[in-house]
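Summary of structural features
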Amino acid sequence: MGGLQAGAGKRVVEIPRDYLAVENFGMIHDPIHARAVAIRQEKAESAVILVSLEITSMPGEETEAIRTLIAEKTGVREENIWVCVTHSFSSPHLLPDHFFQSEAELALKTEYREALQSAAVGAAADAVEHMQSATLAVGAGDCGIVASRDIETADGWWVGTNGDGPTNRTVTVLRFNDPAGKPIALISHFAIQSSVMDQSEFSDGKKPVTSDIAGNACRKVEEESGESLVCMFLIGAAADQAPIEKAVNETFENGEKIHTDLHEEGFAICERLSEELKKRICEIAHEAGQSQTRTNSLQENVLCSQKAQSQCRKNEADGCSEKAESCEANPDEMTEPVIKVASAGLTVPAKHMNRDLHSLRPTRHAVYEPDGESETSIEAIRIGDLALVGGGKAGADLQDRSVHHGTVRIWHNTDLYARQRRFQIYGG
């Protein structure tokens, strides 16, 4: 077996201007993008493609349609294609048909769907076309711009900022280098909702479209690199993980809602927090790129068979620096693939959700209302000793249980109306 190949692509999502009004958006402050990273083992028949869209969520049938189109365009198997969202709250949704009042509005939805598909397919095709020999390094560090959004008020528990609940502030970065050591792509993973500008309105009463923290951080990384680098963002398990500052804040006093909005000034927060995330991504990527020992170690593990990796770990646990004999084997003689994809379906209990968010109030007594069962899946991509794992019930203890040295959970293929599926990357 040969080494790794990697390529990356990025396309702007051309949102139909008339579609903005459907959710009271008035202008595009900064464009939203589709980014893609393609990874393949040299001499392998098929690649793996990760696609990230800077939107809040996407129904399952829409992500399946994008996977099909990418497979048709690139020849990569559908099961090897992951479609993820950054969970930016300030991008238009692909709303269900019953939301629209006229055929003209439905036609606008079709235009928006096609724009998302075109950008995703174009980015994926570019990534596959530009694949080249690559090495992979992994780094991680903390970023303090996120905290739990669960806060206790006099009226009960509510959604706010800077709660004292559990928070994972780890940023994991996968760096793919070309043979000269220059980065081809960065995949950054962080459990944060891009919601600084969520529901914020400008002085004209209209909301701005923005890629918020995640998209702006990635754009800043790309601009600072001065190269054709693509920086992709993959969200972790961030259901209650919010930025430490937001443009809009809502609280209650004696049952009365108090709403504040910084309007245009909210973008100063978005700029500051995305700059901090950009800085950490760049620092972590730089350290990973400079750590030749780490990179070499990963490449060696990539070329090990599963049995040899287990023996290597046993030797390390026993305090022995020797590697298993088969770790030194000729890569062309290996039978275990460097990159492997697997999935398993499962049925989980479903919960009824109140779709009228405006009716929600603080509470001290959460009511769990069963709603039958839901189908979800656990999916995984393994690249040597690195694992990208996810699914609807991928818990925080998954990393501790993993047999791989590295594992990262990514929020993947969010179905707005039925289920949420999260994925995790475990990085070194």
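Please refer to the structure higher up on the page.
Residues numbered from 1 in each chain as written. Predicted model: local features only at pLDDT ≥ 70, side-chain atom pairs only at ≥ 80, totals over all residues. Heavy atoms only, no water.

Counting buried residues along strand E10 (residues 183-190), seven of its eight residues qualify, which places the element largely inside the surrounding structure. With six bridges joining them, strand E9 (residues 170-177) and E10 adopt antiparallel strand pairing. Its bridge partner being in E10, Arg175 is matched across the sheet by Leu186. Linking E9 back to E10 in an antiparallel pair, the connection comprises five residues, with Gly181 at a positive phi of about 90°. (Buried < 20%, exposed > 50% of the residue type's maximum accessible area, 1.4 Å probe, protein only. Helix = DSSP H or I, 4+ residues; strand = E, 2+ residues; numbered from the N terminus. Pairing = 2+ DSSP bridges.)

This part is about the sheet that holds strand E8 (residues 156-163). One open sheet holds the three strands; their spatial order is E8-E7-E13, and the pairing between them is antiparallel. The two strands at the open ends of the sheet, each matched to only one other strand, are E8 and strand E13 (241-243). With direction set aside, neighbouring strand axes in the sheet form an average angle of 55°. (Axes fitted to C-alpha atoms, helices over the stretch in contact; angles between N-to-C directions.)

With their axes 8 Å apart at the nearest point, helix H3 (residues 212-225) and helix H4 (residues 266-290) run at an angle of 55° to one another. Classified by the interaxial angle, the pair formed by H3 and H4 is oblique. Between H3 and H4 the crossing geometry is right-handed. Note on element contacts: H4 touches H3 through Cys270, Glu271, Leu273, Ser274, Glu275, Leu277, Lys278, Ile281 and Cys282, opposite Asp212, Ile213, Asn216, Ala217, Lys220, Val221 and Glu224. (Parallel < 35°, antiparallel > 145°, perpendicular 65-115°, else oblique. Left-handed = near helix turned anticlockwise from the far one by under 90°. Contact = heavy atoms within 4.5 Å.)

A few words on empty space enclosed by the protein. The tally for this structure, following the rule as stated, stands at one cavity of 30 Å³ or more. In this structure, the largest cavity spans a volume of roughly 40 Å³. As for the largest cavity, its lining consists of Asp30, Pro31, His33, Arg35, Glu54, Ser211, Gly215, Asn216 and Arg219. Those elements that provide at least two residues to the lining of the largest cavity are strand E3 (33-41) and H3. Among the elements that line the lining of the largest cavity, the one with the most residues is H3, at three residues. Its residues assigned to classes, the lining of the largest cavity comprises one nonpolar, four polar and four charged. (1 Å grid on protein atoms, 1.4 Å probe; cavity = no way out; pocket = protein on both sides within 12 Å on 5 of 7 lines; lining within 4 Å. Points joined across faces, edges and corners; volume = space filled by probe spheres on them. Nonpolar A, V, L, I, M, F, W, Y, C, P; charged D, E, K, R; others polar.)

On to the sheet that holds E3, then. The strand order E5-E4-E3-E1-E6-E9-E10-E12 describes an open sheet built from eight strands, whose pairing is mixed. With partners counted over all chains shown, the strands left at the sheet margins are strand E5 (81-85) and strand E12 (230-235), one partner each. Each adjacent strand pair in this sheet contributes to an overall mean axis angle of 25°, direction not counted. Note that E3 and strand E4 (residues 48-53) share six bridges and pair antiparallel. Within the sheet, the bridge partner assigned to Ala36 lies in E4 and is Val51. Along the sheet, helix H2 (residues 103-129) makes contact with strand E1 (4-12), E3 and E4, crossing E1 at roughly 150°.

Attention now moves to unusual backbone geometry. Even without being glycine, Asp212 reaches a positive phi, approximately 60°. Here Asp212 shows up in helix H3. Phi angles above zero are rare outside glycine, and His263 is one such case at about 55°. Locating His263 in the fold gives a position in the loop between strand E15 (256-261) and H4.

Quick look at the packing of helix H1 (residues 60-74) against H2 now. Helices that pack against each other are described as a pair by the angle of their axes relative to one another and the distance between those axes. Two elements in contact, H1 and H2, have axes separated by 9 Å at closest approach and are oriented at 40°. Taken together, the axes of H1 and H2 lie oblique to each other. Relative to H2, the crossing made by H1 is right-handed. Along its contact with H1, which presents Glu62, Ala65, Ile66, Leu69, Ile70, Lys73 and Thr74, the element H2 presents Arg113, Gln117, Ala120, Val121, Ala124, Ala125 and Val128. Of the residues belonging to the contact of H1 with H2, the class tally is nine nonpolar, two polar and three charged.

Inspection of the sheet shows E1 paired to strand E6 (residues 132-142) by three bridges, in the antiparallel sense. In the sheet register, Leu4 faces E6, and the bridge partner there is Ala134. The pairing of E1 with E3 spans nine bridges and is antiparallel. The residue bridging Lys10 from the neighbouring strand is Arg35, located in E3.

A word on the packing of aromatic side chains. Under the definition given, this model contains five aromatic pairs. Their ring planes at 35° and their centres at 6.3 Å tell us that Tyr19 and Phe100 sit as a pair that is tilted. In this pair, Tyr19 sits in the loop between E1 and strand E2 (25-28) while Phe100 sits in the loop between E5 and H2, placing the two residues 81 residues apart along the sequence. Each residue in the set Tyr19, Phe99, Phe100 and Tyr112 is aromatic and connected to the rest through ring pairs, giving one cluster. A cation sits over an aromatic face here: Lys207 above Phe25, 4.4 Å from the ring centre. (Phe/Tyr/Trp six-rings, centres within 6.5 Å; stacked < 30°, edge-to-face > 60°. Lys NZ or Arg CZ within 6 Å of the ring centre and 35° of its normal.)

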